[in-house]
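Coordinates in review
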Amino acid sequence: MDINNILGVVLAGGKSERFGQDKSQVKLQNKLLIDYILGEIIGEFKETLIIANEPIKFIQSNNISTTKDFKSGLGPLGGVLTAMKWIKENNREYKWISTFPSDTPFFTKNELRYFYKNINLSKSKLFFIKSKETRHNIFGLWSLELIDQLESDILKGERKVEVWANSIGVSTVNIDYKKPDPFFNINTKEDLEKAIKIMNDD
């Protein structure tokens, strides 16, 4: 797989309602939550795009761009479509986007590289990571060929990644892991406390 054909995308446009504030800006051991994922992925791509609807802080890099959702309230699928539109509008030549959440502090480039190594591009236009029978729909590789279908379905009212992915066909790559869980995500203050405990136990 040619990494130069892939745009890295961090989806940070959610409202973080369960957390009560923008969780990407919460500090975990004196480091912004979004910087954990950025620190792992920005060296893997020629360019990384952050989708955020409010001004946010993050580690500085010449390889990072930011944009807002093309339309608010559309959830992660809207963020995916926004990234695809950004590629077209900015005359980039990427053929795929690789999506990541902003709230998974234990994900590493090792999982990403394993994911790519085990993808057969001839099998699908959409790939998700799976672990322990759980499909992680935000850790995805999406073909730009899906843009028209995605826009049409979103405008018809589709909002759920799970449902949409199943409707168009998705292939998965299973990743086994030892603790800590690289897909542990922080949705609540309690999750943040769990993450702190995990880090302190290491």
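So, how was this worked out
- Residues numbered from 1 in each chain as written.
- Predicted model: local features only at pLDDT ≥ 70, side-chain atom pairs only at ≥ 80, totals over all residues.
- Heavy atoms only, no water.
- Pairing = 2+ DSSP bridges.
- Helix = DSSP H or I, 4+ residues; strand = E, 2+ residues; numbered from the N terminus.
- Axes fitted to C-alpha atoms, helices over the stretch in contact; angles between N-to-C directions.
- Contact = heavy atoms within 4.5 Å.
- Phe/Tyr/Trp six-rings, centres within 6.5 Å; stacked < 30°, edge-to-face > 60°.
- Buried < 20%, exposed > 50% of the residue type's maximum accessible area, 1.4 Å probe, protein only.
- Lys NZ or Arg CZ within 6 Å of the ring centre and 35° of its normal.
- Salt bridge = Lys/Arg side-chain N within 4 Å of Asp/Glu carboxyl O.

1. Focus on the sheet that holds strand E8 (residues 134-143)
The 7 strands lie next to each other as E5-E4-E1-E6-E8-E7-E9, forming an open sheet whose pairing is mixed. Each edge of the open sheet carries a strand with a single partner, namely strand E5 (64-67) and strand E9 (171-174). The mean angle between the axes of side-by-side strands here comes to 30 degrees, regardless of whether they run parallel or antiparallel. Pairing analysis gives 4 bridges linking strand E6 (residues 96-101) to E8, with the strands arranged antiparallel. Across the sheet, residue Trp 96 finds its bridge partner in E8, namely Ser 143. The strands touched by helix H2 (residues 75-89) are strand E1 (6-11), strand E4 (48-51), E5, E6 and E8; relative to E1, the strand with the most contacts, the crossing angle is about 140 degrees.

2. Here's the deal with the packing of aromatic side chains
According to the stated counting rule, one finds 13 aromatic pairs in the structure shown. Relative to Trp 142, the ring of Phe 128 lies with its centre 5.5 Å away and its plane at 70 degrees, an arrangement referred to as edge-to-face. Of this pair, Phe 128 sits in strand E7 (residues 126-131) while Trp 142 sits in strand E8, placing them 14 residues apart in sequence. Assigned by exposure class, Phe 128 and Trp 142 land together as buried. An angle of 70 degrees between the planes, with centres 6.2 Å apart, marks the rings of Tyr 177 and Phe 183 as edge-to-face. What makes Phe 183 buried here is its relative accessible area of 5%. Through pairs of rings, three or more aromatic residues link up here, namely Phe 45, Phe 100, Phe 107, Phe 115, Tyr 116, Phe 139, Tyr 177 and Phe 183. The positively charged end of Lys 85 is found above the aromatic ring belonging to Phe 70, 5.2 Å away from the centroid.

3. What to know about the pattern of salt bridges
If the charged atoms of two oppositely charged side chains come close together, the side chains can form a pair. Counted by the stated rule, this structure contains 8 salt bridges. Residue Asp 103 is joined to Lys 23 by a salt bridge in which the shortest nitrogen-to-oxygen separation is 2.8 Å. On the criterion of sequence distance, the pair formed by Asp 103 in the loop between E6 and helix H3 (109-117) and Lys 23 in the loop between E1 and strand E2 (27-28) is long-range, its members being 80 residues apart. Take Asp 103 and Lys 23: they sit in the same class, and that class is buried. Ionic pairing is found between Arg 113 and Glu 44, a salt bridge with its closest N-O pair at 2.9 Å. Highlighted residues: Arg 113 in helix H3 and Glu 44 in the loop between helix H1 (33-41) and E4, separated in sequence by 69 residues. Taking relative accessible area as the criterion, Arg 113 reaches 45% and is therefore assigned partly exposed.

These figures come from the coordinates and say nothing about function on their own.
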